[in-house]
Amino acid sequence: TQLLEQSPQFLSIQEGENLTVYCNSSSVFSSLQWYRQEPGEGPVLLVTVVTGGEVKKLKRLTFQFGDARKDSSLHITAAQPGDTGLYLCAGSWGNEKLTFGTGTRLTIIP
Amino acid sequence: NAGVTQTPKFQVLKTGQSMTLQCAQDMNHEYMSWYRQDPGMGLRLIHYSVGAGITDQGEVPNGYNVSRSTTEDFPLRLLSAAPSQTSVYFCASSRGTGLLTEAFFGQGTRLTVV
């Protein structure tokens, strides 16, 4: 079973601070996705990265794919309460199945 | 603009009972899947289907059955519920594989087995 490890598992910070969460695997991904899940809802896709070293920005969120395509990070600048949620990475290894990480539960304190 | 619809949203079962969780999508996606979400364990794949008439097992298939008679519907059956199956269940669909694997999720079914 291919494993995706996310860190930290929980993160609680003040509004306006910056943060980074990580997603790591021992295997090389074909592609990697980040999802955000709010309470009582299903996960919603934020971004897909496919090229080693790729950086994508979505407003205050910056996603980076590692050069070796084994890891990824999500950086949030000037966090806001609306960023609160469970952040999940999901990797694809060239087949149909997505494998999800264990998630980072982020709380932004106003 | 329904997307992926799951029913019911909540369910309580007694040990040994059977039930079917319903999932329907209106996006004409070929690929559908069922996950369970437990605290600290992320989403684990139960079963998936790459098209009508084709299903396969995921990471945690024991105790669950699926069928895919149409593109739209992908029900999940619990044959004899056990307390270990208490979880939140998500159905997802996507257009395909590789770069097309953006998964669209339903709102989930919270199942409690007592």
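Residues numbered from 1 in each chain as written. Chains lettered and ligands numbered in written order. Predicted model: local features only at pLDDT ≥ 70, side-chain atom pairs only at ≥ 80, totals over all residues. Heavy atoms only, no water.

### Some details on the state of the cysteines
Right, on to step 1. By the definition in use, this model includes two disulfides over all chains.
Right, on to step 2. Between the sulfur of Cys23(A) and that of Cys89(A) lies a disulfide, 2.1 Å long from S to S. Taking the sign of the S-S torsion, 75 degrees for the link of Cys23(A) and Cys89(A), the bridge is right-handed. Separated by 66 residues along the polypeptide, Cys23(A) in strand 3 (residues 19-24) and Cys89(A) in strand 9 (residues 85-92) bring together distant segments of the chain. Residues Cys23(A) and Cys89(A) agree in their burial class; the two are buried.
Right, on to step 3. The disulfide bridge from Cys23(B) ends at Cys91(B), spanning 1.8 Å between sulfur atoms. Taking the sign of the torsion about the S-S bond as the criterion, the disulfide between Cys23(B) and Cys91(B), at about -70 degrees, is left-handed. Pair noted here: Cys23(B) is in strand 3 (residues 19-25) and Cys91(B) is in strand 9 (residues 87-94), with a separation of 68 residues, a long-range link.
Right, on to step 4. Look at Cys23(B) and you get buried, because its relative accessible area is 2%. (Disulfide = S-S within 2.5 Å. Helix = DSSP H or I, 4+ residues; strand = E, 2+ residues; numbered from the N terminus. Buried < 20%, exposed > 50% of the residue type's maximum accessible area, 1.4 Å probe, protein only.)

### Some words on the sheet that holds strand 8 (residues 76-78) of chain B
Residues and elements named next belong to chain B.
Right, on to step 1. Strand order in the open sheet formed by four strands is 1-3-8-7, with antiparallel pairing between adjacent strands. Only two strands of the sheet have a single partner each, and these edge strands are strand 1 (4-7) and strand 7 (64-66). The mean angle between the axes of side-by-side strands here comes to 20 degrees, regardless of whether they run parallel or antiparallel.
Right, on to step 2. Sheet analysis places strand 1 next to strand 3, joined by four bridges and oriented antiparallel. Within strand 3, the position partnered with Thr5 by the bridge is Ala24. (Pairing = 2+ DSSP bridges. Axes fitted to C-alpha atoms, helices over the stretch in contact; angles between N-to-C directions.)

### Focus: the sheet that holds strand 7 (residues 61-65) of chain A
Residue and element names in this part refer to chain A.
Right, on to step 1. Strand order in this open sheet of five strands is 1-3-8-7-6, and the pairing throughout is antiparallel. Taken across any chain shown, the strands that pair with only one partner, and hence form the sheet edges, are strand 1 (5-7) and strand 6 (55-58). With direction set aside, neighbouring strand axes in the sheet form an average angle of 15 degrees.
Right, on to step 2. Note that strand 6 and strand 7 share four bridges and pair antiparallel. When the sheet's bridge partners are listed, Leu58 is paired in strand 7 with Leu61.

### Describing unusual backbone geometry
Right, on to step 1. Cis peptide bonds are those with omega within 30 degrees of zero, and the linkage from Ser7(A) to Pro8(A) qualifies with -10 degrees.
Right, on to step 2. As for its position among the elements, Pro8(A) is in the loop between strand 1 and strand 2 (10-14).
Right, on to step 3. Here the amide bond leading from Thr7(B) into Pro8(B) is cis, since omega sits at -10 degrees, within 30 degrees of zero.
Right, on to step 4. Secondary-structure assignment places Pro8(B) in the loop between strand 1 and strand 2 (10-13).
Right, on to step 5. Here Arg69(A), not a glycine, exhibits a phi torsion of approximately 55 degrees, which is positive.
Right, on to step 6. Within the secondary structure, Arg69(A) sits in the loop between strand 7 and strand 8 (71-76).
Right, on to step 7. A relative accessible area of 28% means that Arg69(A) is categorised as partly exposed.
Right, on to step 8. Phi is positive for Ala78(A), close to 50 degrees, though the residue is something other than glycine.
Right, on to step 9. In this structure, Ala78(A) sits in the loop between strand 8 and strand 9.

### Concerning the pairing of strand 7 of chain A
Residue and element names in this part refer to chain A.
Right, on to step 1. The element strand 7 is extensively covered by neighbouring structure, given that four of its five residues are classed as buried.
Right, on to step 2. Connecting strand 6 to the next strand, strand 7, in antiparallel fashion are two residues, including Lys59 with a positive phi near 55 degrees.
Right, on to step 3. Pairing between strand 7 and strand 8: five bridges, direction antiparallel. Bridge pairing in strand 8 links Phe65 to Ser72.

### Thoughts on the pairing of strand 9 of chain A
Residues and elements named next belong to chain A.
Right, on to step 1. The buried fraction of strand 9 is high, at eight of eight residues.
Right, on to step 2. As paired elements, strand 9 and strand 11 (residues 104-109) share three bridges and run antiparallel to each other. Bridge pairing links Tyr87 to Thr104 in strand 11.
Right, on to step 3. Taken together, the three bridges between strand 9 and strand 10 (residues 98-100) define a ladder with antiparallel strand orientation. Paired with Ala90 across the bridge in strand 10 is Phe100.

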